[in-house]
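Understanding the architecture of this molecule
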Amino acid sequence: MLKRTVVPYTEAGKRLLYGNYLYSFTFAGFMVFVLLNAFVFWGIFPRMQSMGNAASLIAMLFLLLMAVSKFVLIPKSDKNFLA
């Protein structure tokens, strides 16, 4: 049985939940585009310069969003946010 440890009704709880959701989404997107870039490198997909550059750029943007969600959205301390 799952137990909710974060109260989403407070402002800090919402920031924690949205930050974790954004972090999970951006980590998944980063991994997809890193794999896509690897497939282009290995020749599984046709070697197109624009496709490799776009995959690298989007992977870097996902890394930037991961940093924003980790260091801006997610609060520093969990002590005040547990019910």
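Residues numbered from 1 in each chain as written. Predicted model: local features only at pLDDT ≥ 70, side-chain atom pairs only at ≥ 80, totals over all residues. Heavy atoms only, no water.

With that settled, consider the packing of aromatic side chains. According to the stated counting rule, one finds three aromatic pairs in the structure shown. With centroids separated by 6.1 Å and ring planes inclined at 70°, the aromatic side chains of F25 and F62 adopt a geometry described as edge-to-face. On the criterion of sequence distance, the pair formed by F25 in helix α1 (residues 11-42) and F62 in helix α2 (residues 49-73) is long-range, its members being 37 residues apart. Judged by relative accessible area, F25 falls into the exposed class, the value being 55%. Plain terms: the ring middles of F39 and W42 are 6.2 Å apart, the flat faces sit at 50° to each other, and that makes the pair tilted. Taken as a pair, F39 and W42 lie in helix α1 at a separation of three residues, close to a single helical turn. Judged by relative accessible area, F39 falls into the partly exposed class, the value being 29%. On the accessibility criterion, W42 (58% relative accessible area) is exposed. These aromatic residues form a ring-pair network of at least three members: F25, F33 and F62. (Phe/Tyr/Trp six-rings, centres within 6.5 Å; stacked < 30°, edge-to-face > 60°. Helix = DSSP H or I, 4+ residues; strand = E, 2+ residues; numbered from the N terminus. Buried < 20%, exposed > 50% of the residue type's maximum accessible area, 1.4 Å probe, protein only.)

The end-to-end C-alpha distance of α2 is 35 Å, a good match for the 36 Å that 25 residues give at a rise of 1.5 Å each. For α2, the full list of buried residues reads G52, A55, A59, F62, M66 and S69. (Expected span 1.5 Å × (residues − 1).)

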